[in-house]
Amino acid sequence: MARRAVEQELSRERILEAARHLFITKGYRAISMRSIGQHLGYSHGSLYYHFKEKAELFYAIVVEDFNYVAALLSQAMNNPPEEGMSRVEQLIMEFIRFGLDHPYQYEIMFMIRDEELLAYCRAEQGRCYDLFASIVRRHMREEGYVHGDWQSMPLTLFLSAHGFISYYIQDKVSFEDVKAEAVSHIKVLCRNL
């Protein structure tokens, strides 16, 4: 009976959020299932109800975060852009907004350096970039741009947005704190589009 109550209270979402925070602040190798359980006020055994091992937990975080970003990017292209913005500019802005407003997620997704963990991220990073690139290429095709630009432009835009996020993420600022700088950056990037 007690185990059932614990399982109902300790949701998968709570575990993912706590683990995400601990992996970033303490490092993946320094965190154990036991320490995640302690952080949440539960025994580590209660975590195993949801995840078999720490690597499975980490991968669940990565997949959840990349799925969220994919939904944001798709939404940015399916909804009308803010006034004065093109669809591609809106796409880049939403990517930057995500990175700055969700720094723990972004760091795990794109800035982790641990070789073991990169194996969990590479496929999802590629999937995210492929979606970003396909949206940019679709916009360029609809607007009549030269085919040669279709190949290099998405990577240039993606890396520039990542660079912007990487620069500001260390200052722990929100998107709203640097929105004017973000819009200016995006406008310069997309001037040739």
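Treat the numbers as computed from the prediction; the structure is a model and nothing was measured.

1. Some thoughts on the overall build of the protein chain
Part 1: Within the protein chain, the secondary structure is distributed over 10 helices and zero strands.
Part 2: Counting from the amino terminus, the protein chain carries its helices and strands in the arrangement α-α-α-α-α-α-α-α-α-α.
Part 3: With respect to the principal axes defined by its C-alpha atoms, the protein chain has extents near 65 × 30 × 30 Å.
Part 4: Relative to its 193 residues, the protein chain shows a buried fraction of 46%.
Part 5: Of the contacts made within the protein chain by residues no fewer than 6 positions apart, 69% connect residues no fewer than 24 positions apart.
Part 6: Accessible surface for the protein chain amounts to roughly 10,300 Å². Of this, 50% is attributable to carbon and sulfur atoms.

2. Some remarks on the nonpolar core
Part 1: By size, the foremost hydrophobic cluster in this structure holds 65 residues, and its most contacted members are F23, I36, F95 and I96.
Part 2: Mapped by element, the contributors of at least two residues to this core are α2 (12-26), α3 (33-40), α5 (54-78), α6 (87-101), α7 (103-111), α8 (115-143), α9 (147-169) and α10 (179-189).

3. Some thoughts on the state of the cysteines
Part 1: Scanning the model with the defined rule gives zero disulfides in all.
Part 2: The cysteine C121 is free of any disulfide, with C128 supplying the nearest cysteine sulfur at 11 Å.

4. Let's talk about α3
Part 1: When we look at burial in α3, the residues that qualify are M33, S35, I36, G37 and L40.
Part 2: Buried residues along α3 sit in contact with α2, α4 (44-47) and α5.
Part 3: In the stretch just after α3, G41 is the one whose phi turns positive, near 85°.

5. With respect to the packing of α2 against α5
Part 1: At their nearest, the axes of α2 and α5 sit 10 Å apart, and the two run at 95° to each other. When the axis of α2 is compared with that of α5, the two are roughly perpendicular. Of the residues in α5, those in contact with R12, I15, L16, A19, R20 and F23 of α2 are K54, L57, F58, A60, I61, E64 and D65.
Part 2: Of the residues assigned to the contact of α2 with α5, the class counts are eight nonpolar, no polar and five charged.

6. Let's talk about the confidence of the model for the protein chain
Part 1: Looking at the protein chain as a whole, its pLDDT mean stands at 87, while 92% of the residues score no less than 70.
Part 2: Confidence scores differ between elements of the protein chain, with helix α1 (residues 2-9) showing the lowest mean pLDDT of 49 and α10 the highest of 96.
Part 3: Within the model, pLDDT remains below 50 along residues 1-8, and this stretch shows five contacts once partners closer than five positions in the same chain are excluded.

7. Considerations on the packing of α6 against α10
Part 1: Where α6 contacts α10, the axes come no closer than 10 Å and their chain directions differ by 140°. The angle between α6 and α10 places the two elements in the oblique class. In this structure, α6 meets α10 at a crossing whose hand is right-handed. Residues E89, I92, M93 and I96 of α6 form the contact with α10, whose participating residues are K179, A182, V183, I186 and K187.
Part 2: In the contact of α6 with α10, the residues fall into six nonpolar, no polar and three charged.

8. Re the environment of R137
Part 1: By the element assignment, R137 lies in helix α8.
Part 2: Note: C-alpha distance between R137 and E17 (120 residues apart in sequence) is 34 Å.

9. Comments concerning the side chain of Q90
Part 1: Checked against the element boundaries, Q90 lands in helix α6.
Part 2: Its relative accessible area of 6% is what places Q90 among the buried residues.
Part 3: A distance of 2.9 Å separates the side chain of Q90 from the backbone nitrogen of E82, its partner in a polar contact.
Part 4: Filtering out sequence-adjacent residues up to four positions away, Q90 remains in contact with A76, P81, E82 and M85.

Cut-offs applied
- Residues numbered from 1 in each chain as written.
- Predicted model: local features only at pLDDT ≥ 70, side-chain atom pairs only at ≥ 80, totals over all residues.
- Heavy atoms only, no water.
- Helix = DSSP H or I, 4+ residues; strand = E, 2+ residues; numbered from the N terminus.
- Buried < 20%, exposed > 50% of the residue type's maximum accessible area, 1.4 Å probe, protein only.
- Contact = heavy atoms within 4.5 Å.
- Areas by Shrake-Rupley, 256 points an atom, 1.4 Å probe, with all protein chains shown as cover.
- Core = buried A, V, L, I, M, F, W, Y, C linked by side-chain atoms within 4.5 Å.
- Disulfide = S-S within 2.5 Å.
- Axes fitted to C-alpha atoms, helices over the stretch in contact; angles between N-to-C directions.
- Parallel < 35°, antiparallel > 145°, perpendicular 65-115°, else oblique.
- Nonpolar A, V, L, I, M, F, W, Y, C, P; charged D, E, K, R; others polar.
- pLDDT = per-residue confidence, 0-100.
- Left-handed = near helix turned anticlockwise from the far one by under 90°.
- Polar contact = N/O pair within 3.5 Å; in protein donor to acceptor, adjacent residues only side chain to side chain.

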